[in-house]
Amino acid sequence: MKEAVVFYPAPLIGHLVSTIELCKLILTHQPSLSIHILIITPPYDTSSTSTYVSTVSTTLPSITFHNLPTFTPPHTLLSSTLNHETLLFHLLHHNHPHIHQTLISISNTHSIQALILDVLCSQSISIASQLNLPTYIFLPFSASGLASFLYHPMLHETYHKSFKELNTFLAIPGVPPMPSCDMPKPLLERNDESYKNFLNCSLVASKAAGFIVNTFEALEQSSIEAISNGLTLPNSPTPPLYCVGPIVSQIQNTGDNECLKWLDSQPSKSVVFLCFGSLGVFSKEQLHETALGLEKSGQRFLWVVRNPIRDQNHNLALGTQEDPDLDSLLPKGFLDRTKEKGLVVKNWAPQAAVLSHDSVGGFVTHCGWNSVLEAVCFGVPMIAWPLYAEQRFNRVVAVEGMEVALWMHENVEGFVEANEVEERVRELMESERGKRVRGRVMVAKDGAMAALGDGGSSRVALDKLLRAWNGRSVHNKIS
Ligand SMILES: O=c1ccn([C@@H]2O[C@H](COP(=O)(O)OP(=O)(O)O[C@H]3O[C@H](CO)[C@@H](O)[C@H](O)[C@H]3O)[C@@H](O)[C@H]2O)c(=O)[nH]1
(Lines give C-alpha, C1' and ligand atoms only; values in the text may rest on other atoms or scores of the structure.)
Protein backbone atom coordinates (compact mmCIF):
# COMPACT_ATOMS: atom_id res chain seq x y z
CA MET A 1 0.00 0.00 0.00
CA LYS A 2 1.17 3.54 -0.73
CA GLU A 3 2.37 5.45 2.31
CA ALA A 4 0.46 8.55 3.27
CA VAL A 5 0.29 11.31 5.82
CA VAL A 6 -2.94 13.13 6.54
CA PHE A 7 -3.16 16.83 7.44
CA TYR A 8 -6.12 18.46 9.16
CA PRO A 9 -5.63 22.26 8.89
CA ALA A 10 -7.88 24.86 10.52
CA PRO A 11 -10.12 26.59 7.94
CA LEU A 12 -8.16 29.83 7.90
CA ILE A 13 -6.29 30.81 4.78
CA GLY A 14 -3.11 31.71 6.75
CA HIS A 15 -3.05 28.25 8.37
CA LEU A 16 -3.86 26.48 5.11
CA VAL A 17 -1.06 28.24 3.21
CA SER A 18 1.46 27.31 5.94
CA THR A 19 0.25 23.71 5.84
CA ILE A 20 0.66 23.50 2.07
CA GLU A 21 4.14 25.02 2.29
CA LEU A 22 5.03 22.37 4.88
CA CYS A 23 3.64 19.68 2.55
CA LYS A 24 5.79 20.99 -0.31
CA LEU A 25 8.85 20.85 1.93
CA ILE A 26 8.05 17.27 2.95
CA LEU A 27 7.50 16.23 -0.67
CA THR A 28 10.88 17.69 -1.66
CA HIS A 29 12.50 15.29 0.77
CA GLN A 30 10.12 12.35 0.36
CA PRO A 31 8.51 12.59 -3.10
CA SER A 32 6.99 9.12 -2.95
CA LEU A 33 4.70 10.11 -0.08
CA SER A 34 1.02 10.66 -0.71
CA ILE A 35 -0.40 13.63 1.20
CA HIS A 36 -4.08 13.93 2.10
CA ILE A 37 -5.60 17.14 3.37
CA LEU A 38 -8.97 17.30 5.10
CA ILE A 39 -10.75 20.52 4.19
CA ILE A 40 -13.51 22.15 6.18
CA THR A 41 -15.92 24.47 4.39
CA PRO A 42 -16.95 27.24 6.79
CA PRO A 43 -20.39 28.89 6.52
CA TYR A 44 -19.05 32.14 5.03
CA ASP A 45 -17.60 33.03 1.67
CA THR A 46 -14.34 31.15 1.19
CA SER A 47 -13.79 31.73 -2.51
CA SER A 48 -10.14 32.67 -1.93
CA THR A 49 -9.62 29.31 -0.17
CA SER A 50 -11.36 27.35 -2.94
CA THR A 51 -9.31 29.08 -5.63
CA TYR A 52 -6.14 28.34 -3.69
CA VAL A 53 -7.11 24.68 -3.14
CA SER A 54 -7.90 24.16 -6.80
CA THR A 55 -4.55 25.68 -7.86
CA VAL A 56 -2.68 23.41 -5.45
CA SER A 57 -4.66 20.36 -6.68
CA THR A 58 -3.67 20.97 -10.28
CA THR A 59 -0.03 21.78 -9.60
CA LEU A 60 0.75 19.20 -6.92
CA PRO A 61 -0.69 15.79 -7.83
CA SER A 62 0.80 14.15 -4.71
CA ILE A 63 -1.66 16.17 -2.63
CA THR A 64 -5.29 15.02 -2.45
CA PHE A 65 -7.96 17.19 -0.83
CA HIS A 66 -10.94 15.66 0.95
CA ASN A 67 -13.82 18.11 1.39
CA LEU A 68 -15.69 17.41 4.60
CA PRO A 69 -19.45 17.99 4.48
CA THR A 70 -20.53 21.62 4.88
CA PHE A 71 -21.99 22.54 8.24
CA THR A 72 -24.79 25.08 8.43
CA PRO A 73 -24.74 26.34 12.01
CA PRO A 74 -27.76 27.76 13.81
CA HIS A 75 -28.40 31.42 13.04
CA THR A 76 -27.23 32.54 16.51
CA LEU A 77 -23.75 31.23 15.79
CA LEU A 78 -23.43 33.49 12.78
CA SER A 79 -24.24 36.71 14.61
CA SER A 80 -21.66 39.46 14.17
CA THR A 81 -21.09 39.76 17.93
CA LEU A 82 -19.93 36.17 18.24
CA ASN A 83 -16.19 35.76 18.09
CA HIS A 84 -14.73 33.99 15.15
CA GLU A 85 -12.93 31.36 17.26
CA THR A 86 -16.16 30.18 18.89
CA LEU A 87 -17.71 29.58 15.50
CA LEU A 88 -14.53 27.80 14.44
CA PHE A 89 -14.61 25.41 17.39
CA HIS A 90 -18.26 24.57 16.65
CA LEU A 91 -17.25 23.67 13.12
CA LEU A 92 -14.39 21.53 14.36
CA HIS A 93 -16.56 19.62 16.84
CA HIS A 94 -19.18 19.04 14.21
CA ASN A 95 -16.56 17.46 12.00
CA HIS A 96 -15.29 14.79 14.43
CA PRO A 97 -17.38 11.93 12.94
CA HIS A 98 -16.47 12.98 9.39
CA ILE A 99 -12.76 12.98 10.24
CA HIS A 100 -13.08 9.48 11.67
CA GLN A 101 -14.89 8.26 8.56
CA THR A 102 -12.49 9.91 6.12
CA LEU A 103 -9.44 8.48 7.89
CA ILE A 104 -10.92 4.99 7.62
CA SER A 105 -11.65 5.50 3.97
CA ILE A 106 -8.08 6.74 3.24
CA SER A 107 -6.67 3.74 5.10
CA ASN A 108 -8.46 1.39 2.68
CA THR A 109 -5.98 2.36 0.01
CA HIS A 110 -3.06 3.83 1.95
CA SER A 111 -0.89 3.07 4.91
CA ILE A 112 -1.23 6.18 7.08
CA GLN A 113 2.08 7.02 8.76
CA ALA A 114 0.92 10.06 10.66
CA LEU A 115 -1.96 12.43 11.21
CA ILE A 116 -0.95 16.08 11.51
CA LEU A 117 -3.46 18.30 13.27
CA ASP A 118 -3.41 22.05 13.15
CA VAL A 119 -3.00 23.31 16.72
CA LEU A 120 -6.59 24.60 16.67
CA CYS A 121 -7.77 21.09 15.80
CA SER A 122 -5.88 19.48 18.70
CA GLN A 123 -9.08 18.17 20.28
CA SER A 124 -9.37 15.69 17.39
CA ILE A 125 -6.43 13.85 18.92
CA SER A 126 -8.99 11.55 20.59
CA ILE A 127 -10.15 10.30 17.17
CA ALA A 128 -6.61 9.52 16.15
CA SER A 129 -5.91 7.59 19.32
CA GLN A 130 -9.08 5.51 18.79
CA LEU A 131 -7.60 4.65 15.39
CA ASN A 132 -4.11 4.07 16.79
CA LEU A 133 -2.55 6.73 14.57
CA PRO A 134 0.52 8.71 15.70
CA THR A 135 -0.67 12.28 15.83
CA TYR A 136 1.48 15.37 15.52
CA ILE A 137 0.43 18.94 16.18
CA PHE A 138 1.47 21.55 13.62
CA LEU A 139 1.87 25.10 14.87
CA PRO A 140 1.84 27.70 12.12
CA PHE A 141 3.02 30.15 14.76
CA SER A 142 6.03 30.69 16.98
CA ALA A 143 7.78 28.43 19.49
CA SER A 144 6.99 31.15 22.04
CA GLY A 145 3.35 30.63 21.08
CA LEU A 146 3.79 26.88 21.66
CA ALA A 147 5.40 27.58 25.06
CA SER A 148 2.41 29.68 26.06
CA PHE A 149 -0.05 27.14 24.64
CA LEU A 150 1.51 24.29 26.65
CA TYR A 151 1.82 26.38 29.80
CA HIS A 152 -1.76 27.64 29.67
CA PRO A 153 -3.12 25.01 32.14
CA MET A 154 -0.47 26.12 34.68
CA LEU A 155 -1.50 29.76 34.25
CA HIS A 156 -5.14 28.75 34.53
CA GLU A 157 -4.46 27.11 37.90
CA THR A 158 -2.28 29.93 39.19
CA TYR A 159 -4.67 32.79 38.44
CA HIS A 160 -8.37 33.06 39.05
CA LYS A 161 -9.16 36.20 37.11
CA SER A 162 -9.39 36.67 33.35
CA PHE A 163 -6.10 37.70 31.71
CA LYS A 164 -7.69 40.92 30.54
CA GLU A 165 -8.33 41.90 34.21
CA LEU A 166 -5.13 40.62 35.77
CA ASN A 167 -2.92 43.59 35.00
CA THR A 168 0.33 41.72 35.57
CA PHE A 169 3.27 40.24 33.70
CA LEU A 170 3.00 36.50 33.15
CA ALA A 171 6.13 34.39 33.56
CA ILE A 172 5.93 31.84 30.75
CA PRO A 173 9.11 29.73 30.49
CA GLY A 174 11.31 30.89 27.61
CA VAL A 175 9.08 33.85 26.72
CA PRO A 176 9.74 37.55 27.56
CA PRO A 177 7.62 38.79 30.51
CA MET A 178 4.17 38.87 28.94
CA PRO A 179 1.62 41.56 29.88
CA SER A 180 -1.48 39.53 30.70
CA CYS A 181 -3.55 41.77 28.39
CA ASP A 182 -1.27 40.79 25.48
CA MET A 183 -2.17 37.11 25.67
CA PRO A 184 -3.91 35.79 22.51
CA LYS A 185 -7.29 37.48 22.11
CA PRO A 186 -9.44 34.33 22.55
CA LEU A 187 -7.77 33.69 25.92
CA LEU A 188 -8.49 37.07 27.47
CA GLU A 189 -11.90 36.21 28.91
CA ARG A 190 -11.82 33.18 31.21
CA ASN A 191 -15.51 32.37 30.88
CA ASP A 192 -15.56 32.58 27.12
CA GLU A 193 -16.28 29.42 25.17
CA SER A 194 -13.18 29.83 23.01
CA TYR A 195 -11.01 30.14 26.16
CA LYS A 196 -12.33 26.77 27.34
CA ASN A 197 -11.70 25.23 23.94
CA PHE A 198 -8.13 26.52 23.84
CA LEU A 199 -7.56 25.22 27.36
CA ASN A 200 -8.85 21.78 26.29
CA CYS A 201 -6.53 21.86 23.29
CA SER A 202 -3.60 22.57 25.64
CA LEU A 203 -4.63 19.81 28.03
CA VAL A 204 -4.63 17.13 25.31
CA ALA A 205 -1.48 18.36 23.55
CA SER A 206 0.88 16.30 25.71
CA LYS A 207 -0.59 13.17 24.07
CA ALA A 208 0.82 14.18 20.67
CA ALA A 209 3.67 12.22 19.11
CA GLY A 210 5.44 15.51 18.45
CA PHE A 211 5.09 19.22 17.73
CA ILE A 212 6.00 20.58 14.31
CA VAL A 213 6.72 24.30 14.54
CA ASN A 214 7.30 26.89 11.85
CA THR A 215 10.35 28.51 13.40
CA PHE A 216 14.08 27.90 13.69
CA GLU A 217 16.42 27.42 16.61
CA ALA A 218 18.49 30.59 16.26
CA LEU A 219 15.37 32.78 16.19
CA GLU A 220 13.69 31.45 19.32
CA GLN A 221 16.41 29.75 21.28
CA SER A 222 15.05 30.46 24.77
CA SER A 223 11.49 29.25 24.15
CA ILE A 224 12.72 26.19 22.24
CA GLU A 225 15.05 25.28 25.12
CA ALA A 226 12.32 25.86 27.70
CA ILE A 227 9.93 23.54 25.84
CA SER A 228 12.56 20.87 25.14
CA ASN A 229 13.66 20.91 28.80
CA GLY A 230 10.11 20.21 29.94
CA LEU A 231 9.56 23.59 31.65
CA THR A 232 6.30 24.29 29.84
CA LEU A 233 4.79 20.86 30.57
CA PRO A 234 6.01 20.28 34.12
CA ASN A 235 3.55 17.47 34.90
CA SER A 236 4.08 15.16 31.93
CA PRO A 237 6.81 14.24 29.44
CA THR A 238 7.15 16.73 26.59
CA PRO A 239 6.67 15.24 23.11
CA PRO A 240 9.57 15.85 20.70
CA LEU A 241 9.80 19.26 19.09
CA TYR A 242 10.54 19.60 15.35
CA CYS A 243 11.40 23.20 14.41
CA VAL A 244 11.44 22.95 10.62
CA GLY A 245 11.06 26.59 9.59
CA PRO A 246 11.10 29.19 8.39
CA ILE A 247 8.51 27.91 5.93
CA VAL A 248 7.29 30.94 4.01
CA SER A 249 5.21 31.44 0.85
CA GLN A 250 7.24 31.16 -2.26
CA ILE A 251 7.42 34.26 -4.40
CA GLN A 252 4.80 33.90 -7.12
CA ASN A 253 5.35 34.93 -10.69
CA THR A 254 3.71 38.31 -10.30
CA GLY A 255 4.26 39.41 -13.91
CA ASP A 256 3.67 43.11 -14.37
CA ASN A 257 2.19 43.74 -10.94
CA GLU A 258 1.59 47.46 -10.41
CA CYS A 259 3.25 47.79 -7.01
CA LEU A 260 6.36 45.83 -7.98
CA LYS A 261 6.80 48.03 -11.02
CA TRP A 262 6.40 51.09 -8.80
CA LEU A 263 9.00 49.69 -6.36
CA ASP A 264 11.44 49.29 -9.26
CA SER A 265 11.49 53.07 -9.58
CA GLN A 266 12.19 53.75 -5.87
CA PRO A 267 15.61 54.10 -4.19
CA SER A 268 17.12 51.15 -2.31
CA LYS A 269 15.64 50.46 1.18
CA SER A 270 13.57 53.64 1.07
CA VAL A 271 9.96 52.38 1.14
CA VAL A 272 7.86 51.47 4.18
CA PHE A 273 5.40 48.69 3.34
CA LEU A 274 2.12 48.57 5.32
CA CYS A 275 0.13 45.36 5.07
CA PHE A 276 -2.06 43.61 7.65
CA GLY A 277 -2.37 39.95 6.74
CA SER A 278 -5.08 38.08 4.96
CA LEU A 279 -7.90 39.44 7.13
CA GLY A 280 -6.81 42.68 8.82
CA VAL A 281 -9.05 45.73 8.49
CA PHE A 282 -9.37 49.15 10.17
CA SER A 283 -12.09 51.65 10.91
CA LYS A 284 -12.51 54.57 8.52
CA GLU A 285 -11.16 56.91 11.26
CA GLN A 286 -8.05 54.77 11.67
CA LEU A 287 -7.39 54.73 7.92
CA HIS A 288 -7.72 58.51 7.84
CA GLU A 289 -5.34 58.95 10.81
CA THR A 290 -2.77 56.53 9.37
CA ALA A 291 -2.75 58.48 6.12
CA LEU A 292 -2.07 61.73 8.02
CA GLY A 293 0.81 60.09 9.92
CA LEU A 294 2.37 58.66 6.79
CA GLU A 295 2.18 61.96 4.99
CA LYS A 296 3.75 63.81 7.94
CA SER A 297 6.58 61.25 8.17
CA GLY A 298 7.78 62.30 4.73
CA GLN A 299 8.82 58.69 4.06
CA ARG A 300 8.04 56.71 0.93
CA PHE A 301 5.31 54.13 1.47
CA LEU A 302 3.41 51.29 -0.15
CA TRP A 303 0.12 50.72 1.69
CA VAL A 304 -2.46 47.96 1.26
CA VAL A 305 -5.91 49.34 2.12
CA ARG A 306 -9.17 47.43 2.57
CA ASN A 307 -12.73 48.54 3.13
CA PRO A 308 -13.26 49.64 6.73
CA ILE A 309 -14.82 47.54 9.43
CA ARG A 310 -18.25 48.25 10.77
CA ASP A 311 -17.78 46.50 14.10
CA GLN A 312 -15.01 48.14 16.17
CA ASN A 313 -14.37 44.96 18.18
CA HIS A 314 -13.43 42.83 15.21
CA ASN A 315 -10.38 43.93 13.24
CA LEU A 316 -10.81 41.12 10.79
CA ALA A 317 -12.71 40.68 7.57
CA LEU A 318 -14.22 37.35 6.65
CA GLY A 319 -15.28 36.65 3.12
CA THR A 320 -14.56 38.43 -0.14
CA GLN A 321 -13.57 42.07 0.06
CA GLU A 322 -14.98 44.63 -2.33
CA ASP A 323 -12.54 47.24 -3.63
CA PRO A 324 -12.37 50.25 -1.28
CA ASP A 325 -13.21 53.71 -2.60
CA LEU A 326 -9.90 55.38 -1.71
CA ASP A 327 -11.05 58.93 -2.47
CA SER A 328 -13.80 58.76 0.10
CA LEU A 329 -11.76 56.88 2.73
CA LEU A 330 -8.51 58.84 2.77
CA PRO A 331 -8.03 62.53 3.64
CA LYS A 332 -9.02 64.96 0.89
CA GLY A 333 -6.16 65.41 -1.57
CA PHE A 334 -3.96 62.77 0.17
CA LEU A 335 -3.47 60.59 -2.91
CA ASP A 336 -2.57 63.59 -5.01
CA ARG A 337 -0.20 65.14 -2.48
CA THR A 338 1.68 61.90 -1.88
CA LYS A 339 1.74 60.55 -5.41
CA GLU A 340 5.51 61.16 -5.79
CA LYS A 341 6.29 59.27 -2.60
CA GLY A 342 3.58 56.74 -2.01
CA LEU A 343 1.35 54.13 -3.55
CA VAL A 344 -1.91 52.81 -2.09
CA VAL A 345 -3.07 49.43 -3.40
CA LYS A 346 -6.50 47.96 -2.88
CA ASN A 347 -7.00 44.81 -0.78
CA TRP A 348 -3.95 42.71 -1.62
CA ALA A 349 -0.30 42.97 -2.62
CA PRO A 350 2.12 40.10 -3.36
CA GLN A 351 3.70 40.47 0.07
CA ALA A 352 6.60 38.03 -0.23
CA ALA A 353 7.67 39.61 -3.54
CA VAL A 354 7.31 43.09 -2.06
CA LEU A 355 9.37 42.26 1.04
CA SER A 356 12.07 40.71 -1.11
CA HIS A 357 12.32 43.88 -3.24
CA ASP A 358 15.45 45.94 -2.68
CA SER A 359 13.49 49.21 -2.41
CA VAL A 360 11.64 48.07 0.73
CA GLY A 361 13.30 49.23 3.93
CA GLY A 362 10.60 48.74 6.57
CA PHE A 363 7.38 46.83 7.21
CA VAL A 364 4.40 47.89 9.31
CA THR A 365 2.77 44.57 10.12
CA HIS A 366 -0.11 43.15 12.16
CA CYS A 367 2.39 40.52 13.42
CA GLY A 368 0.74 37.47 11.88
CA TRP A 369 3.43 34.84 12.27
CA ASN A 370 3.85 34.29 8.52
CA SER A 371 4.40 37.99 8.04
CA VAL A 372 7.01 38.08 10.81
CA LEU A 373 8.85 35.12 9.27
CA GLU A 374 8.69 36.61 5.77
CA ALA A 375 10.16 39.89 7.08
CA VAL A 376 12.93 37.93 8.83
CA CYS A 377 13.70 35.87 5.71
CA PHE A 378 14.01 39.00 3.58
CA GLY A 379 15.81 41.04 6.26
CA VAL A 380 13.15 43.76 6.62
CA PRO A 381 12.81 45.46 10.06
CA MET A 382 9.28 45.84 11.36
CA ILE A 383 6.89 48.11 13.19
CA ALA A 384 4.51 45.91 15.14
CA TRP A 385 0.85 46.95 15.00
CA PRO A 386 -1.21 43.95 16.12
CA LEU A 387 -4.94 43.61 15.48
CA TYR A 388 -6.38 40.28 16.66
CA ALA A 389 -5.64 36.58 17.36
CA GLU A 390 -2.18 36.11 18.97
CA GLN A 391 -0.72 39.21 17.33
CA ARG A 392 -0.22 41.27 20.51
CA PHE A 393 1.66 38.29 21.96
CA ASN A 394 3.79 38.19 18.78
CA ARG A 395 4.52 41.91 19.15
CA VAL A 396 6.05 41.30 22.60
CA VAL A 397 8.10 38.40 21.21
CA ALA A 398 9.26 40.34 18.11
CA VAL A 399 10.09 43.57 19.99
CA GLU A 400 11.35 42.33 23.37
CA GLY A 401 12.57 38.83 22.51
CA MET A 402 13.89 38.87 18.96
CA GLU A 403 14.40 42.66 18.81
CA VAL A 404 13.48 42.75 15.12
CA ALA A 405 10.60 45.24 15.46
CA LEU A 406 9.58 48.56 17.02
CA TRP A 407 6.41 48.86 19.06
CA MET A 408 3.50 50.84 17.59
CA HIS A 409 1.70 52.39 20.59
CA GLU A 410 -2.07 52.56 20.61
CA ASN A 411 -4.12 54.65 23.05
CA VAL A 412 -6.47 53.08 25.63
CA GLU A 413 -9.19 52.68 23.01
CA GLY A 414 -6.78 50.81 20.76
CA PHE A 415 -6.55 53.78 18.37
CA VAL A 416 -3.18 54.72 16.85
CA GLU A 417 -2.78 58.45 16.38
CA ALA A 418 -1.16 60.16 13.40
CA ASN A 419 1.77 61.41 15.52
CA GLU A 420 2.56 57.88 16.60
CA VAL A 421 2.51 56.61 13.00
CA GLU A 422 4.77 59.48 11.97
CA GLU A 423 7.24 59.01 14.85
CA ARG A 424 7.48 55.24 14.56
CA VAL A 425 8.00 55.30 10.80
CA ARG A 426 10.68 57.97 11.13
CA GLU A 427 12.31 56.07 13.99
CA LEU A 428 12.54 52.91 11.92
CA MET A 429 13.82 54.61 8.79
CA GLU A 430 16.01 57.38 10.23
CA SER A 431 17.21 56.70 13.79
CA GLU A 432 20.04 54.77 15.44
CA ARG A 433 17.45 52.55 17.10
CA GLY A 434 15.99 51.77 13.67
CA LYS A 435 19.51 50.88 12.51
CA ARG A 436 19.96 48.48 15.45
CA VAL A 437 16.67 46.74 14.64
CA ARG A 438 17.76 46.48 10.99
CA GLY A 439 21.05 44.93 12.16
CA ARG A 440 19.20 42.38 14.31
CA VAL A 441 16.90 41.36 11.48
CA MET A 442 19.88 40.85 9.16
CA VAL A 443 21.43 38.50 11.73
CA ALA A 444 18.10 36.64 11.94
CA LYS A 445 17.99 36.43 8.13
CA ASP A 446 21.43 34.78 8.05
CA GLY A 447 20.27 32.43 10.82
CA ALA A 448 17.25 31.46 8.75
CA MET A 449 19.38 30.61 5.73
CA ALA A 450 21.78 28.58 7.87
CA ALA A 451 18.91 26.67 9.49
CA LEU A 452 17.54 25.63 6.10
CA GLY A 453 20.92 24.77 4.58
CA ASP A 454 22.69 21.39 4.63
CA GLY A 455 23.27 20.34 8.23
CA GLY A 456 21.22 23.32 9.48
CA SER A 457 18.97 22.88 12.52
CA SER A 458 15.70 22.87 10.53
CA ARG A 459 17.00 20.39 7.94
CA VAL A 460 18.14 18.05 10.71
CA ALA A 461 14.74 18.38 12.45
CA LEU A 462 12.87 17.57 9.23
CA ASP A 463 15.04 14.49 8.59
CA LYS A 464 14.32 13.31 12.15
CA LEU A 465 10.60 13.77 11.63
CA LEU A 466 10.56 11.83 8.36
CA ARG A 467 12.60 9.06 9.96
CA ALA A 468 10.10 8.87 12.82
CA TRP A 469 7.27 8.40 10.28
CA ASN A 470 9.20 5.87 8.23
CA GLY A 471 10.11 3.92 11.34
CA ARG A 472 6.47 3.25 12.08
CA SER A 473 5.03 -0.17 11.26
CA VAL A 474 3.23 0.67 8.05
CA HIS A 475 1.04 -2.32 7.40
CA ASN A 476 -1.67 -1.87 9.98
CA LYS A 477 -4.94 -0.96 8.38
CA ILE A 478 -7.11 1.03 10.77
CA SER A 479 -10.66 0.11 11.44
O1 LIG B 1 -1.99 41.70 0.88
C2 LIG B 1 -1.56 40.63 1.31
C3 LIG B 1 -1.84 40.15 2.61
C4 LIG B 1 -1.28 38.96 3.02
N5 LIG B 1 -0.47 38.24 2.18
C6 LIG B 1 0.11 36.95 2.62
O7 LIG B 1 -0.79 36.30 3.50
C8 LIG B 1 -0.09 35.69 4.56
C9 LIG B 1 -0.61 36.28 5.86
O10 LIG B 1 -0.23 35.47 6.92
P11 LIG B 1 -0.04 36.02 8.41
O12 LIG B 1 0.91 37.12 8.44
O13 LIG B 1 0.31 34.86 9.28
O14 LIG B 1 -1.41 36.66 8.78
P15 LIG B 1 -2.91 36.07 8.86
O16 LIG B 1 -3.36 35.72 7.53
O17 LIG B 1 -3.67 37.12 9.55
O18 LIG B 1 -2.72 34.76 9.76
C19 LIG B 1 -3.44 34.13 10.80
O20 LIG B 1 -2.65 32.97 11.09
C21 LIG B 1 -1.33 33.24 11.56
C22 LIG B 1 -0.63 31.91 11.72
O23 LIG B 1 -1.22 31.14 12.71
C24 LIG B 1 -1.41 34.00 12.87
O25 LIG B 1 -0.10 34.31 13.35
C26 LIG B 1 -2.20 35.28 12.65
O27 LIG B 1 -2.32 36.00 13.86
C28 LIG B 1 -3.57 34.94 12.10
O29 LIG B 1 -4.30 36.11 11.87
C30 LIG B 1 1.38 35.97 4.37
O31 LIG B 1 1.99 34.88 3.74
C32 LIG B 1 1.38 37.17 3.43
O33 LIG B 1 2.52 37.20 2.57
C34 LIG B 1 -0.19 38.69 0.92
O35 LIG B 1 0.53 38.06 0.15
N36 LIG B 1 -0.75 39.88 0.53
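Located above this text is the structure these notes cover.
Residues numbered from 1 in each chain as written. Predicted model: local features only at pLDDT ≥ 70, side-chain atom pairs only at ≥ 80, totals over all residues. Heavy atoms only, no water.

Peer 1: Help me understand the pattern of salt bridges, please; the structure alone is not making it clear to me.
Peer 2: Any two side chains of opposite charge can pair, given that their charged atoms come close. Under the criterion given, the structure shown has 16 salt bridges. Between Glu423 and Arg424 there is a salt bridge, with its nearest N and O atoms 3.7 Å apart. Taking the shortest distance from any N to any O, the salt bridge between Arg426 and Glu430 comes out at 3.7 Å. Here Arg426 pairs with Glu430, and both are found in helix H17 (residues 418-430), just 4 residues apart, close to one helical turn. Note on Glu430: relative accessible area 48%, which makes it partly exposed. Salt bridges here are not isolated pairs; linked through shared partners, they connect Glu420, Glu423, Arg424, Glu427 and Arg433. (Salt bridge = Lys/Arg side-chain N within 4 Å of Asp/Glu carboxyl O. Helix = DSSP H or I, 4+ residues; strand = E, 2+ residues; numbered from the N terminus. Buried < 20%, exposed > 50% of the residue type's maximum accessible area, 1.4 Å probe, protein only.)

Peer 1: Would you take a moment to explain the packing of helix H15 (residues 369-377) against helix H18 (residues 432-452) for this structure?
Peer 2: Each pair of packed helices gets described by two things: the angle between the helix axes and the distance between those axes. Between H15 and H18, whose axes approach to 7 Å, the crossing angle comes to 90°. Relative to H18, H15 is oriented roughly perpendicular. From H15, Ala375, Val376 and Cys377 reach across to H18, where they touch Val441, Ala444, Lys445 and Ala448. Grouping the constituent residues of the contact of H15 with H18 by class yields 6 nonpolar, no polar and 1 charged. (Axes fitted to C-alpha atoms, helices over the stretch in contact; angles between N-to-C directions. Parallel < 35°, antiparallel > 145°, perpendicular 65-115°, else oblique. Contact = heavy atoms within 4.5 Å. Nonpolar A, V, L, I, M, F, W, Y, C, P; charged D, E, K, R; others polar.)

Peer 1: I'm lost on the environment of Glu165 in this one. Help?
Peer 2: Its place among the elements puts Glu165 in helix H7 (residues 163-166). We classify Glu165 as partly exposed; its relative accessible area is 45%. Along the chain, Glu165 and Ser180 lie 15 residues apart, while their C-alpha atoms are 8.1 Å from each other.

Peer 1: Which parts of the structure should I look at to understand the packing of aromatic side chains?
Peer 2: Centre-to-centre distance and the angle between the planes together describe a pair of aromatic rings. In total, this model carries 10 aromatic pairs according to the counting rule given. With a centroid separation of 5.5 Å and an interplanar angle of 20°, the aromatic rings of Phe273 and Phe363 are classed as stacked. Here Phe273, found in strand E10 (residues 271-275), pairs with Phe363, found in strand E13 (residues 360-365); they are 90 residues apart in sequence, far enough to count as distant. Of the two residues examined, Phe273 and Phe363, each falls in the buried class. With centroids separated by 5.8 Å and ring planes inclined at 25°, the aromatic side chains of Phe301 and Phe334 adopt a geometry described as stacked. Separated by 33 residues along the polypeptide, Phe301 in strand E11 (residues 300-305) and Phe334 in helix H13 (residues 334-337) bring together distant segments of the chain. Pairwise contacts between aromatic rings join Tyr136, Tyr242 and Trp469 into one cluster. (Phe/Tyr/Trp six-rings, centres within 6.5 Å; stacked < 30°, edge-to-face > 60°.)

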